[in-house]
Amino acid sequence: MQILKKFNLTFFLVLIITTAKLFSQDLATPLDPEKMRNQREIGILFGFGQNFMGGNFRTECDCPEFIDGVKFGYSFGALYEMDFSPKFMWGAALIYSNRDVFSEYQIIEDVQLQSVITGKPETAPIKFKHKANADFSFLTLMPYLKWNLADFMFIKLGFSGSFVLNNHIKHEKELIQKTARLSSGEVVSIKLDSENGTTKVVEDGEFPQTNSFQMSIDPMIGFNIPLEENLFVSPIFQYSLPLSNISERGENFKISAWRFLLEIRLALNLRMI
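Description of the structure in this document. As the structure is a prediction and not an experimental result, all values here were calculated from the model. The numbers attached to residues start from 1 for each chain and follow its sequence in the written order. In view of the model being predicted, local features appear only for residues whose pLDDT reaches at least 70, and side-chain atom pairs are presented and counted only at 80 or more, with totals across whole chains, interfaces and linings using the full set of residues. Only hydrogens and water are set aside when side-chain values are computed; all heavy atoms of the structure are taken into account.

## Re the overall build of the protein
Numbered from the N terminus, helices here are DSSP runs of H or I no shorter than four residues, and strands are runs of E no shorter than two. Along its length, the protein carries one helix and 15 strands. Residue exposure (1.4 Å probe, protein chains only): buried if accessible area is under 20% of the type maximum, exposed if over 50%, otherwise partly exposed. Residues counted as buried form 38% of the 273 residues belonging to the protein.

Okay, here's the thing in structure tokens:
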């Protein structure tokens, strides 16, 4: 009986000590994340760069096509990524991006003018500038693969599916030449039939025949800068190669883009080394 009592007492003490040790262990927190087999990260990104078009597009007027359009662009969004091996991760990003482009050209058009002296109509070549602002914005879901080349460097390859949230075109015709000399030697003033006499809006509205779903391939290269054990800042260069025409009003009208991005990522848990 004494032996049984001693055994019960010993078992009870071991149970108390074990339980105390379990509760005395530090719990994982965002500031002190748990180390697990797979690292998981969440983050935000933002950046800027340039949009530039390939192919050409036309507006509703009987005018030449617009080509070589470029414009400043920006992007921002959120991301999630996770290890599937020590060197490779998979992830996904939800990104808002503007894809505006601006294009212009000059052209000489024959315009019929009226002589004040003779009262007879006469045709003269007049120089004009045509300007087009094509405004687009995308909401993009981009799954990607990430290869950690080293602790400080990585590459990503993303495949993007985007919904066009906004599509707008504004085409303006601007008078460059303000006067013309007729065959009689008379110099006449020229004005457009518009409010200011020098600029006329040709088209202002929704971009016609827009393809509402866009696809692209997005390679990236970036560098890891650790701020804390589980907090990272990464400057990234991204190039977006479109696979879809953004509109059928033209030939092979696509909008490519490059971005300088900044990612800020927080590791929810760290990989075991």
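Back to the write-up after that little detour.
## Considering the pattern of salt bridges
Here the idea is simple: oppositely charged side chains can pair when their charged atoms come close. Each reported salt bridge corresponds to a side-chain nitrogen of Lys or Arg within 4 Å of a carboxyl oxygen of Asp or Glu. On inspection of all chains with the given rule, the structure shows ten salt bridges. A salt bridge links Glu81 to Lys146, with the nearest nitrogen and oxygen atoms 2.7 Å apart. With Glu81 in strand 4 (residues 70-83) and Lys146 in strand 7 (residues 121-150), this residue pair connects regions lying 65 residues apart in the sequence. Here Glu81 ties to Lys156 by a salt bridge, and the two come within 3.7 Å at their closest N and O atoms. Taken together, the residues span a long stretch of sequence, with Glu81 in strand 4 and Lys156 in strand 8 (residues 153-175) at a distance of 75 residues. Across the pair, Lys156 and Glu81 agree in class, each one buried. One connected set of salt bridges, linked through shared partners, spans Glu41, Glu81, Lys146, Lys156, Glu263 and Arg265.

## Concerning the state of the cysteines
Note on terminology: pairs of cysteine sulfur atoms within 2.5 Å are recorded as disulfides. Taken as a whole and assessed by the stated rule, the structure comprises one disulfide. Two residues, Cys61 and Cys63, share a disulfide whose sulfurs are 1.8 Å apart. Here the disulfide of Cys61 and Cys63 is left-handed, its torsion about the S-S bond being about -130°. You can call Cys61 partly exposed: its relative accessible area is 21%.

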